[in-house]
Amino acid sequence: MKRILAIGCLAGLAAGVAAALFAATAGRGPIRDAIALEDSVSHATSGAHHEDLFSRGVQEIGGAVGLVVFGLALGVVFSVVLAAVGPRLAVPTPPAASVRLGFFGFVAVVLVPFLKYPANPPAVGDPDTVNERTLLYFAALGLSILLTWAVWRFHRGVSLAPVAKAWATAALYGAGLVLIFLALPGNPDPVDAPADLVWRFRLASLGGLAAAWATLALVTGALLSRPAARN
């Protein structure tokens, strides 16, 4: 267990660095434009210009550090889950189990909640609805993880031919997604920012998370493929 936790920490650190590098390169433009829009909206609303407590450079460094810490925590959780379910993922090697878990984890934890409640620039959203939006997002996250677990248990337990099992699993997952999307209400706030900026910001957010999860799964798999050191 100590080895898998150490691997998770190293892989999570790499994942956080990958997310930070993505934000500093591909995501830098959309994120800065979103911040500029937020500043202009704040200035137009208050009628006064407010100096930021920290400079843009300090904010970007702080954001990068936050992504690295997030990656480290994600790596620990990922390693624990991999140790628990990896042997039951029906793959021949631990690296393959890591990649498979990374793919399904990204879909369940990131992609499905994103499709229901995509990320919006800071200027979008009423501060009075932040609690409601947070609860809705976590509801989507929890239901997505629950659906993934239920479909996985179904896939492992049902006795069907391989092709029929694959179709039945896909149909069950698709039906579950439809139910989640219909059961949860839409975003309570209108999106009145420019559409181009909104989608650039959303793609930057999704891209950074995709880079983190891909790095996490691949680095974990690569480290697992190395023989354990003998005392």
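For the structure itself, consult the block above.
For clarity, every value in this text was computed on a predicted model and none was experimentally measured. (Residues numbered from 1 in each chain as written. Predicted model: local features only at pLDDT ≥ 70, side-chain atom pairs only at ≥ 80, totals over all residues. Heavy atoms only, no water.)

**Considerations on a nonpolar patch on the surface**
Part 1 of the argument: On the surface, Met 1, Leu 5, Val 76 and Val 80 cluster together to form a nonpolar patch covering roughly 310 Å² of accessible area.
Part 2 of the argument: Take Leu 5: its relative accessible area is 30%, and that puts it in the partly exposed class. (Patch = residues over 30% accessible without salt bridge, like charges linked within 9 Å, V, L, I, M, F, W, Y side chains within 5 Å. Areas by Shrake-Rupley, 256 points an atom, 1.4 Å probe, with all protein chains shown as cover. Salt bridge = Lys/Arg side-chain N within 4 Å of Asp/Glu carboxyl O. Buried < 20%, exposed > 50% of the residue type's maximum accessible area, 1.4 Å probe, protein only.)

**Section: helix α6 (residues 162–183)**
Part 1 of the argument: Between its terminal C-alpha atoms α6 stretches 31 Å, which fits the 32 Å expected from 22 residues at 1.5 Å a residue.
Part 2 of the argument: Within the sequence span of α6, burial applies to Lys 165, Thr 169, Tyr 173, Gly 176, Leu 177 and Ile 180. Down the axis, α6 shows its buried residues gathered within 100 degrees of arc, on one side only. What points out from α6, more than 90 degrees from its buried face, is the exposed set Val 163, Trp 167, Leu 179 and Leu 182.
Part 3 of the argument: Against α4 (94–116) and α5 (130–157) lie the buried residues of α6. (Helix = DSSP H or I, 4+ residues; strand = E, 2+ residues; numbered from the N terminus. Expected span 1.5 Å × (residues − 1). Arc of directions from axis to C-beta. Contact = heavy atoms within 4.5 Å.)

**A few points about the packing of aromatic side chains**
Part 1 of the argument: Across all of its chains, the model carries 3 aromatic pairs by this definition.
Part 2 of the argument: Plain terms: the ring middles of Phe 78 and Trp 213 are 6.3 Å apart, the flat faces sit at 80 degrees to each other, and that makes the pair edge-to-face. Highlighted residues: Phe 78 in helix α3 (residues 56–85) and Trp 213 in helix α7 (residues 195–224), separated in sequence by 135 residues. In this structure, Phe 78 and Trp 213 share a single accessibility class: buried. (Phe/Tyr/Trp six-rings, centres within 6.5 Å; stacked < 30°, edge-to-face > 60°.)

**Focus: the environment of Tyr 137**
Part 1 of the argument: In this structure, Tyr 137 sits in helix α5.
Part 2 of the argument: For the pair Tyr 137 and Tyr 117, spaced 20 residues apart in sequence, the C-alpha to C-alpha distance is 6.5 Å.
Part 3 of the argument: Setting aside residues no more than four positions away along its own chain, Tyr 137 makes contact with Val 109, Pro 113 and Tyr 117.

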